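# A closer look at the structure
As a plain string of letters, each chain reads:
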Amino acid sequence: VHGQVANAELSNRISRTIETAAVPFGAPVQRGAADHGAVAFTNGDFLGLAILNPAVPGNVATATTPDIYPVGFTAAIMTQGQMYVTAGEAVVPGDDVYYVTATKRYTTTAAAGAVGPLTGVFFDTSGGNGDLVEISVGNRTA
């Protein structure tokens, strides 16, 4: 599932409070302005990826947005490890990783609405548009 930790190899996870806007599971985040805060990644210092969390309560994640960390919620952030994400185009292992905010998919190329490349993040498996693929945060090199 998009945003799910892929395996138990070397990994690091931290908790941060979402500050200004909801962050989708599997999306990249950066440091926020407050202590232990996080916001959706734009062009700051890449912090990690928001981990899928089925425990986000229904009263804050509505039926129309069940796959997000809402503002004020403590998010699990993976700063190192392997994660499943949805590809937005054909990808191969070792490719740079960009995130397209409008589609919540990952690509290998810069495009309108894409952020990245994410520092130290590479595709670890291949796939096509819409496929579930694995990316590596800090565990692989190109």
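For the structure itself, consult the block above.
Just so it is clear, the structure is predicted and the values come from calculations on it, not from any experiment.

## Observations concerning the overall build of the protein chain
Across its full length, the protein chain carries zero helices and twelve strands. In the protein chain, the succession of α and β elements from N to C terminus is β-β-β-β-β-β-β-β-β-β-β-β. Against the compact-globule benchmark of 14 Å for 142 residues, the protein chain has a radius of gyration of 14 Å, which places it among compact chains. By the burial criterion, 43% of the 142 residues in the protein chain qualify as buried. Within the protein chain, counting contacts between residues at least 6 apart in sequence, those at least 24 apart form 59% of the total.

## What to know about the pattern of salt bridges
With the rule as written, the count across this model stands at one salt bridge. Of the charged contacts in the structure, one is a salt bridge between Lys104 and Asp67, with a shortest N-O distance of 3.4 Å. In this pair, Lys104 is assigned in the loop between strand E8 (98-100) and strand E9 (105-107) and Asp67 in the loop between strand E5 (46-50) and strand E6 (68-69), connecting sequence segments 37 residues apart.

## Focus: the pairing of strand E1 (residues 12-18)
Strand direction decides the pairing type here: E1 and strand E7 (residues 74-86), joined by six bridges, are antiparallel. From the neighbouring strand, Thr17 faces E7, where its bridge partner is Thr74. One ladder, built from two bridges, connects E1 with strand E4 (residues 37-40); its direction is parallel. The partner of Thr17 across the bridge, within E4, is Gly37.

## Quick word on the packing of aromatic side chains
Following the criterion strictly, the structure yields four aromatic pairs and no others. Between Phe25 and Tyr69, the aromatic rings sit 5.0 Å apart at their centres with planes inclined by 75°, giving edge-to-face as the arrangement. Placement of the pair is Phe25 in the loop between strand E2 (23-24) and strand E3 (28-31) and Tyr69 in strand E6, with a sequence separation of 44 residues. Of the aromatic side chains, those joined through ring pairs into one cluster are Phe25, Tyr69 and Phe73.

How each quantity is defined
Counting of residues starts from 1 at the beginning of each chain's written sequence and follows it residue by residue. Thresholds applied to this predicted model are a pLDDT of at least 70 for local features of residues and 80 or more for the giving and counting of side-chain atom pairs; totals over whole chains, interfaces and linings are not thresholded and use all residues. Side-chain descriptors were evaluated using all non-hydrogen atoms of the structure, hydrogens and water having been removed beforehand. Numbering goes from the N terminus for both helices and strands, where a helix is a DSSP run of H or I of at least four residues and a strand is a run of E of at least two. We compute the radius of gyration over the C-alpha atoms and compare it with the globule rule, which gives 2.2 Å times the number of residues raised to the power 0.38. Each residue is placed in one exposure class: buried if its accessible area under a 1.4 Å probe, protein chains only, is under 20% of its type's maximum, exposed if it is over 50%, and partly exposed if it falls in between. What makes two residues a contact is simply this: any of their non-hydrogen atoms within 4.5 Å. Each reported salt bridge corresponds to a side-chain nitrogen of Lys or Arg within 4 Å of a carboxyl oxygen of Asp or Glu. Here a strand pair is declared whenever DSSP counts at least two bridges between the two strands. For Phe, Tyr and Trp, where Trp contributes only its six-membered ring, two rings pair if their centres lie within 6.5 Å, and the inter-plane angle classes them as stacked under 30 degrees, edge-to-face over 60, or tilted in between.

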